[in-house]
Structure formats: structure tokens, C-alpha cells
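# Structure at a glance
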Protein chains: 2
Amino acid sequence: MWWAKRTRSWFSTLLDADGARFRTWRHTASGGLENPDSCGGELQGELDRFGGVSVHLSRHRTLHGLDAAAFRRLLQAAVQQWRTEGRIAVWLHIPILQSRFIAPAASLGFGFHHAEAHSSTLTLWLGEGPSRLPGYATHQVGVAGAVFDDSTKKVLVVQDRNKLKNMWKFPGGLSEPGEDIGDTAVREVFEETGVRSEFRSLLSIRQQHSHPGAFGMSDMYLVCRLQPLSFTINFCQQECLKCEWIDLENLARTKHTTPITSRVARLLLYGHREGFDKIDLSMEEVPAVYTGLFYKLYHRELPESYRAAVGTD
Amino acid sequence: MWWAKRTRSWFSTLLDADGARFRTWRHTASGGLENPDSCGGELQGELDRFGGVSVHLSRHRTLHGLDAAAFRRLLQAAVQQWRTEGRIAVWLHIPILQSRFIAPAASLGFGFHHAEAHSSTLTLWLGEGPSRLPGYATHQVGVAGAVFDDSTKKVLVVQDRNKLKNMWKFPGGLSEPGEDIGDTAVREVFEETGVRSEFRSLLSIRQQHSHPGAFGMSDMYLVCRLQPLSFTINFCQQECLKCEWIDLENLARTKHTTPITSRVARLLLYGHREGFDKIDLSMEEVPAVYTGLFYKLYHRELPESYRAAVGTD
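Residues numbered from 1 in each chain as written. Chains lettered and ligands numbered in written order. Predicted model: local features only at pLDDT ≥ 70, side-chain atom pairs only at ≥ 80, totals over all residues. Heavy atoms only, no water.

Under the annotation held in an unreviewed UniProt entry, chain A carries the name Nucleoside diphosphate-linked moiety X motif 6 and is attributed to Apodemus speciosus. Under the heading Function (unreviewed entry), UniProt records this for chain A: "May contribute to the regulation of cell proliferation." Turning to chain A, the UniProt record has this under Sequence similarities (unreviewed entry): "Belongs to the Nudix hydrolase family." (UniProt positions renumbered as here; feature names shortened; annotations may be inferred.)

Below, the structure written as C-alpha cells:
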């Protein structure tokens, strides 16, 4: 049986489904399964369209009194049966208070896929060759806001309290889960400096791997251009040593700044002199094809003639 | 004691340290601790500069024979001591085969921070108010490659085998951990279509939250412009139903495509007619200030006069 390799098209496929990520068979009301193949010993799983089996321990009331050794025997028998049936992967969802079942699963070859607050998900690859299961989130997203006042030619910068080297930089921080890029920039600028602003455009993207501050994961760092709505600085004393409106040309010239700040300062200077359309990625909200949700899309402004003439959106 | 709020500056601070993410005190060779305050009952932890304590169970040999109830008593005593000492958070690192200690920790209020393959990390916030600990990775990153042949005005597109609606789109897929955006695009294009190409520029970025294919996390989807190095199609039959070089104007006009593909097709048309500098974000490798690593930075091309005149990079 074919298991989609770890690509976007695999995910696109999932989006075609009914919202239940991996399931095409479900438990019936009686607790049995519509598809008898999806049993595995006494441990019941749900099949997905890719030939994998998903087991939610929270739905197995009979496990309550079970110790780790007894669970291991149960799981081993189930895995043996799933192998015989030609299943190619097992997903094991374990509530945190049932974590005594993790070590026995690990002793059978399971490893963590991910964990969130009160549950963990383990996987075992049964197919040929190395695992082709999709991974979990790999990037944290940080956003800085370059708040530029076109009329005074000043830009808002801070110096971190906790840096060894004190260098001017744009205020910013990590996106909260589910937060849009521009919202992070506006929120962080306000929290750090007390200045209110609104999103104008995306200016730059940086990708960095094995990031010490991201628990070894990757980091995506975006700088947005923001329009100031207020000008009085009331900066966070815990985070910042200094906060000032400084002249953009000075920021572009000084050595007391990070390479990315210097680069963005020069981009802003170019935009200020020759038009922000030279440097901006504009944002637009566009409907997703499969989910009914909306997403935010950033790219160079497209002239009206190209937007209107053709296409479906 | 102050704990940096969950912002980039918190992470920047970490980068100033000596590479050990949270430690400012370390175990001595004798197994004692340079700072006696960092003990907690019999469970030894390492302090970080933010007032948190980190405990690595793999370094506690005395835990080997311990059962869950005994560990719970040990941890409870340690947490009590850390509270008394004014610590504001505990990080508990647990090897997967010691996962019997997770449930007792959870019963004391710990929750998962994250888990990777063979270990999990739990946290307990002891400070005032809601937790201000930094979260884990929140985004998966997917990349598509728009391979455009300027001489024939044709672009490489596929139709997914597993889509319900068959629509032309650019080949692409998820980034592997640690993989650069452009490398993902080139690899995925080759795997899906057999066409070799090289990275030219970044064209667009899409952010989407609560993504069903990302285990409910967020999704960052980037489209790159690629230059073809070969033209013979040998597409992946498992993933694709069709793969063709089609005329760019047709792709920009057809309704048999996704909104983002249509939008990027029109961007490409604009670039083809009026210069790719109108649509491209160019990429450059830049050194990181603190880590000694390099990262990739994408933004609008900056004229030479702005690059050379000023600044530090």
C-alpha cells in the first residue's frame, strides 16, 4: 500500500478529507469498528487512507488498571497483527497521565512525534525503508517592526537590556501561536516601546537553523514596515536599556547596530527616497481552496492591469 | 526575580551565553554544584540566568530503580525547595525510557513543553501570573518551485494524484529539518517532476494557522522562482497525475488552478515582461552577530549605491 511521501501534496490530500486528520474509518457507536481490519489484538485503532493506524489511549477504558508490562504485551500483539495486515505506521496518542505506557512503547521501537501540554504522540514506522511520516513544526517565527515616520525621517529603535553588546535594533519578538506576522510586529512594538503603529508591508525574511534560542529548531525572522500612530515613548524597562526615535540616515551609517538592522535601514532609506513600492511586499487576505479558511499572502505589488485581466481570484 | 517575557530579546540573551542554553551554574567534576542553591531536595538542578531550574533525569543515576510514587515525593520536595528559593520555573528533561516519571510530574502540575524522538521536556511555572516561558516551534515550512523558462515562456506545473479537484499547481513540499528554503524548492521539483533547476529568488510568502495538515499548528508556505537546468519530465507517478510545461499566459488565465498559483503566474508574467527585479526578493548569506553561524536573508534588491555607501555589513 502506498504511503504518500513527506511532501505538501500529502498534506493537501489530508485537507480533502472531512477534517478528521487521518481517519477514513471510525468507531461505531457500539465501540466496534466499521472496518474489522482496524483492530489490533485488543488494542483498537483507526485506519487512515495511507495505510497507517491511529490509536487513542484516552478511548480505551480497559487500560485504566493496566501496568506497563501488560500494556507492552498488548501493544506488541497489536503491532504484530498490524504488520500482518500490511499496515505501514502506527500513531499512538497518549494523555499525559497515562505516560507510564510511553516507555514500554519505546521499548518496541516507538519514538515521540511531538507533545503538547497534556498529551504526547508517538509513532512507529512499519513500512519499507526509512520513515516517510510527516514531521512536526520545525520553525519558530519572530517578527520585528521598523516603525518609520516619513515626515521626520525618524525610525524607532531599542537597545536590549540583556545584550552583552549594546546595539540599536528594531523592537520585536516571537509570534504567539496562531498570531499573524503583522499583529506580532504591532504588539511587540507596543509592549517594548509604548508606541502604537499599524502594519504597512513585509520587508525582509531571514531563515536560520539549529537556533540555540529555538531549542535547536529553525528560526524564521521577519521585519515589517509599520506606520506610527503615536510617538511618545514609554519603553519596557525590563527588556530595554534605551529606546529612541533616531534619524534613519544615522541608523543606516552607524556601526552600533546589527547587520540586519543596518540592511533594513538602508532599504527604508531607499524606499523613503524612491518610493516604498521599491521595497515593500504587500499583504492580502486570500481564501484557501480546501479548508474554507483565509490566509495572508505577501508578495510584490502587482499592477492593476495584471490583477484584473486574468485568473480566478 | 525577573524572567524575560517571551520575546526575541529573551532569545537574544540566550545567544550571549556560552552555548549552554539555560545554564549559568554547572555541575562540578565531583558531581556537586558550584552553586549550592541549585539543589532541590535530592534532585539536582542547574540554575539559569532567568531564575529557572533545569533538571536532566539522564544525569541522575540514583533514579534508576525508583518507582513513580517515590519519584513524585522526590520531585515534590525539590519543587517546594525551589519555590522557597524564589525560582520561577522548572524544566524537566526526561529520556523516553524513563517516561514513567512523566505522569507523577504531571500530577504536580508539570506539562509537556515539547518532545523529540527519544526525550521529552516538561515545564512547571512557579512565577507570578501566567507562564512567560518561551514556546516551542509553531510553524511548518512548505516551499513550491515556479520553474520558468524565459526563452519558451513555459512554466512547470503538476496535478496532484490525491486531490479531489484536479488543478494545476507548482511542485513543492515540506522543508526537511534544517533545510534552506531554496534547497527545498529545488529538491521537491526534482523529486516530483525529474526536472533539475536552481534557485533565483523568493516570490511570495503565505501564512496560515490551525492547519489540519500541520497537526493544528501554523503553516508558512513560500514560492520560489527557479531557473530550469533540464527540461525532460519524468514525474513521480505516486504523487502526480500529470506534469507539463505549460504556457505562462495560459496558467495566468485558466480557472483550473489554485488562487496562489494563479497569482504567482501573474507575478511571473509581470516579471517576464518588465524585468524580474519587479517581483524578486533576492537572497544573500549574512553572518549572525552572536552565534558565528550564517543565515539567509531575503529582501528586495538594494541598489549598489545604497549597499556600498553606509553600514557595517
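After presenting the structure, the write-up continues.
Secondary structure summary: chain A contains seven helices and 15 strands in total. Evaluated residue by residue, chain A yields a buried proportion of 60% over its 313 residues. Excluding contacts between residues fewer than 6 apart, the proportion of contacts in chain A whose partners are at least 24 apart in sequence is 61%. Total accessible area on chain A is roughly 12,100 Å²; 50% of this is exposed by carbon and sulfur atoms. (Helix = DSSP H or I, 4+ residues; strand = E, 2+ residues; numbered from the N terminus. Buried < 20%, exposed > 50% of the residue type's maximum accessible area, 1.4 Å probe, protein only. Contact = heavy atoms within 4.5 Å. Areas by Shrake-Rupley, 256 points an atom, 1.4 Å probe, with all protein chains shown as cover.)

Attention now moves to the sheet that holds strand β5 (residues 89–95) of chain A. Residues and elements named next belong to chain A. The mixed open sheet is built from five strands, whose spatial order is β3-β4-β5-β7-β6. With partners counted over all chains shown, the strands left at the sheet margins are β3 (46–47) and β6 (111–116), one partner each. The pairing of β5 with strand β7 (residues 119–125) spans seven bridges and is antiparallel. Bridging from a neighbouring strand, tryptophan 91 pairs with threonine 123 of β7. (Pairing = 2+ DSSP bridges.)

Inspection of every chain in the model, using the stated rule, returns 30 salt bridges over all chains. Here the salt bridges share partners, and the residues they tie into one network are A:Lys153, A:Glu249, A:Arg253 and A:Arg273. (Salt bridge = Lys/Arg side-chain N within 4 Å of Asp/Glu carboxyl O.)

Before going further, it helps to spend a moment on the relation of the copies chain B and chain A. Of the two same-sequence chains, chain B is brought onto chain A (RMSD 0.1 Å, axial shift 0.0 Å) by a rotation of 180°. Taken together, these values place the two copies in the relation of a two-fold axis. Take the interface residues of chain B: 100% of them recur as interface residues in chain A, which is what a same-surface contact looks like. (Least-squares fit on C-alpha atoms with pLDDT ≥ 70 in both.)

Turning next to the nonpolar core. Ranked by internal contacts, the top residues of the largest apolar core, which has 53 residues, are B:Leu75 and B:Phe110. Ignoring sequence-local partners within four residues, the contact set of B:Phe110 consists of A:Ile96, B:Leu75, B:Val79, B:Val90, B:Leu92, B:Ala105, B:Leu122, B:Thr123 and B:Leu124. In terms of nonpolar packing, the next biggest core, distinct from the first, is built from 43 residues, A:Val143, A:Val195, A:Trp245 and B:Cys243 among them. (Core = buried A, V, L, I, M, F, W, Y, C linked by side-chain atoms within 4.5 Å.)

A few words now on the confidence of the model for chain A. Mean pLDDT over chain A stands at 84; residues scoring 70 or higher make up 83%. When the criterion is pLDDT under 50, residues 1–41 of chain A qualifies, and its contacts beyond four places in sequence or with other chains add up to 131 contacts. (pLDDT = per-residue confidence, 0-100.)

Once that is clear, we can look at the interface of chain B and chain A. Contacts between the two partners involve 127 residues from chain B and, on the opposite side, 127 residues from chain A. For the pair chain B and chain A, the summed buried area comes to about 11,400 Å², and 60% of that belongs to carbon and sulfur atoms. If you look at where chain B meets chain A, you find two salt bridges. Viewed at the interface, chain A and chain B are joined by 29 residue pairs in polar contact (both at pLDDT 80 or more). In terms of residues, the side of chain B that touches chain A owes the most to one element, helix α6 (residues 259–274) of chain B, which gives 10 residues. Per-class residue counts for the side of chain B that touches chain A are 56 nonpolar, 40 polar and 31 charged. Note that strand β11 (residues 197–208) of chain A and strand β15 (residues 294–299) of chain B share four bridges and pair antiparallel. When the bridges of β15(B) are listed, A:Ser204 appears paired with B:His299. (Buried area = accessible area lost by both parts, 1.4 Å probe. Polar contact = N/O pair within 3.5 Å; in protein donor to acceptor, adjacent residues only side chain to side chain. Nonpolar A, V, L, I, M, F, W, Y, C, P; charged D, E, K, R; others polar.)

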